[in-house]
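Structural description and commentary
The lines below spell out each chain.
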Amino acid sequence: KQWYQRRVRGRRQGVKYANNEAYFDCVEDVDVIIDANGNVVSAEIHGNINCNVHLSGMPDLSMSFINPRILDDVSFHPCVRLKRWESEKVLSFIPPDGNFVLMSYHISSQNQVAIPVYVRAMINFNEGQIGKVDITVGPKQTLGKTVDNVVISVPMPKEVTGCSMTASVGTYTFDPTSKQLRWDIGKIQPLKVPTMRGTCTIIAGAQSRAAHPTIHVDFKISQLAVSGLKVNRLDMFNESYKPFKGVKYITKAGNFQVRT
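Going along each chain's sequence as written, the residues are numbered from 1 onward. Note on the predicted model: pLDDT of at least 70 is required for a residue's local features to be given, and 80 or more for side-chain atom pairs to be given and counted; whole-chain, interface and lining totals, by contrast, use all residues. The side-chain figures draw on all heavy atoms in the structure; neither hydrogens nor water molecules are used.

By definition, any uninterrupted DSSP run of H or I lasting at least four residues is a helix, any uninterrupted run of E lasting at least two residues is a strand, and each is numbered from the N terminus. Counting its secondary structure elements, the chain contains two helices and 16 strands. It is over C-alpha atoms that the radius of gyration is taken, and the globule rule equals 2.2 Å times the number of residues to the power 0.38. Rg of the C-alpha trace for the chain: 24 Å, well past the compact-globule value of 18 Å for 260 residues, more than 25% over. Projected onto the principal axes, the alpha-carbon positions of the chain cover approximately 80 × 35 × 35 Å. Three labels apply to residues, based on accessible area from a 1.4 Å probe with only protein chains included: buried if under 20% of the type maximum, exposed if over 50%, partly exposed otherwise in between. The 260 residues of the chain split such that 45% are buried. Note on definitions: a residue-residue contact is assigned when non-hydrogen atoms from the two residues lie within 4.5 Å. Restricting to contacts in the chain with at least 6 residues of sequence separation, those with at least 24 account for 76%. All accessible areas in this document rest on Shrake-Rupley with a 1.4 Å probe, and a residue is counted as covered only by the protein chains that are shown. Accessible surface for the chain amounts to roughly 13,600 Å². Of this, 48% is attributable to carbon and sulfur atoms. In this tally, Asp and Glu contribute negative charge and Lys and Arg positive charge; neither His nor the terminal groups of the chain are included. Here the site of a charge means atom NZ of a Lys, CZ of an Arg, CG of an Asp or CD of a Glu. Positive and negative side-chain charges in the chain, numbering 31 and 22 respectively, have mean positions lying 5 Å apart.

The next thing to look at is the pattern of salt bridges. What makes a salt bridge here is a side-chain nitrogen of Lys or Arg within 4 Å of a carboxyl oxygen of Asp or Glu, nothing more. Evaluation of the coordinates by the stated rule reveals six salt bridges. Taking the shortest distance from any N to any O, the salt bridge between R84 and E88 comes out at 3.1 Å. Note that R84 and E88 are positioned in helix α2 (residues 82-88) at a spacing of four residues, about one turn of the helix. Here R182 and D184 are joined by a salt bridge, their closest N and O atoms 2.9 Å apart.

Here the focus is the pairing of strand β1 (residues 21-34). At least two bridges found by DSSP between two strands are what make those strands a pair. Alignment of β1 against strand β16 (residues 244-258), held across 13 bridges, turns out to be parallel. Looking across to β16, one finds that Y23 is bridged to G246. The pairing of β1 with strand β2 (residues 40-54) spans 14 bridges and is antiparallel. Bridging across to β2, D31 finds its partner in E44.

Relative to the helices and strands, I185 is located in strand β12 (residues 180-186). Counting along the chain gives 17 residues from I185 to S168, while the straight-line C-alpha distance between them is 9.2 Å. Aside from chain neighbours lying at most four places away, what touches I185 is V137, V150, I152, V169, G170 and P194.

Let's shift gears to the sheet that holds strand β15 (residues 231-237). Read from one edge of the open sheet, three strands run β5-β3-β15, paired in antiparallel fashion. The two strands at the open ends of the sheet, each matched to only one other strand, are β5 (90-93) and β15. Here the average twist between neighbouring strands, direction ignored, is 10°. Examined bridge by bridge, strand β3 (residues 60-65) and β5 share four bridges and lie antiparallel to one another. What sits directly across from L61, in β5, is F93. Note on geometry: axes are C-alpha line fits, over the in-contact stretch for helices, and angles between N-to-C directions span 0 to 180 degrees.

Strand order in the open sheet formed by nine strands is β4-β6-β2-β1-β16-β14-β9-β12-β11, with mixed pairing between adjacent strands. Each of the sheet's edge strands pairs with one partner strand only, and the pair in question is β4 (74-76) and β11 (171-175). In this sheet, neighbouring strand axes are inclined to one another by 15° on average, regardless of whether the strands run parallel or antiparallel.

Now for the environment of M103. Note on placement: M103 falls in strand β6 (residues 98-107). Sequence separation of M103 and D175 is 72 residues, and the distance between their C-alpha atoms is 40 Å. The contacts of M103, once residues within four sequence positions are left out, are G47, N48, I49, F65, L71, V74, S75, F76 and L91.

Here we come to the nonpolar core. Grouping buried Ala, Val, Leu, Ile, Met, Phe, Trp, Tyr and Cys residues that are joined through side-chain atoms within 4.5 Å yields what is termed a nonpolar core. Ranked by internal contacts, the top residues of the largest apolar core, which has 70 residues, are F24, L102, I135, M156 and F256. The biggest single contributor to this core is β1, with six residues. When sequence neighbours within four positions are dropped, the list of residues in contact with L102 reads F24, I49, C51, M63, S75, F76, H77, C79, V80, L91 and F93.

With that settled, the discussion passes to the packing of aromatic side chains. Each pair of aromatic rings taken from Phe, Tyr and Trp, with Trp reduced to its six-membered ring, is defined by centres within 6.5 Å and is described as stacked if the planes are under 30 degrees apart, edge-to-face if over 60, and tilted in the remaining cases. For the structure on display, the rule yields three aromatic pairs. Arranged with centres 6.3 Å apart and planes meeting at 85°, the rings of F65 and W85 form a pair that is edge-to-face. In this pair, F65 is assigned in strand β3 and W85 in helix α2, connecting sequence segments 20 residues apart. Each member of the pair F65 and W85 is classed as buried. Between F219 and F256, the ring centres sit 5.5 Å apart and the planes meet at 80°, which makes this aromatic pair edge-to-face. Separated by 37 residues along the polypeptide, F219 in strand β14 (residues 215-222) and F256 in strand β16 bring together distant segments of the chain.

Next comes the structure, spelled out in structure tokens:
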């Protein structure tokens, strides 16, 4: 057993913990481009299973999924036994000690990528020295989970000198140097859809031109893997103690763009 322990990468020999624990975070970043008509131009998910493992001795873990077939573009930590995955779609491994990424995956089929929020926006600079802004944000395909840490960023044209908005939820700021209009929404309440409306002033004498800024969206949804990935079982062999173990799911905005 000692010889076997020495050849396992990332494990210290004879390690012992008073509290044995293994926690796994399934984190998915959603990259989306939506055109001005609300059509999805592209949608991808980049996912990681991040691990925090402190287990005594030489534990042998296995993780199975309810729906592993959605994972067709995957890469693994060197501890994962590839043959077991290829034959059974089970992650079998002796974990390194501490923090590591067990698996990374990429899902690019738009049929499998649910868009968890919607953004409806009208930004119009065609009316002289005044531009009009009307943005609505709401949850979509979140399975009832709360959308939190929502921020909307709009890069305004250089001719814009100021913005006067009214937000039904959260607060807004406009930076006259960077020309960034930022709307901090925070948490979206189920019965209160956030809206922001107002006007932008343009430099006097500047020629009014049609501008179509791209809106950038940021958000976080806890206890949801938007791909539908879900762990079925997490088992430990080769040791007799019972560890604390858990799996969390998090969906975040990656490069999430809405064209106007």
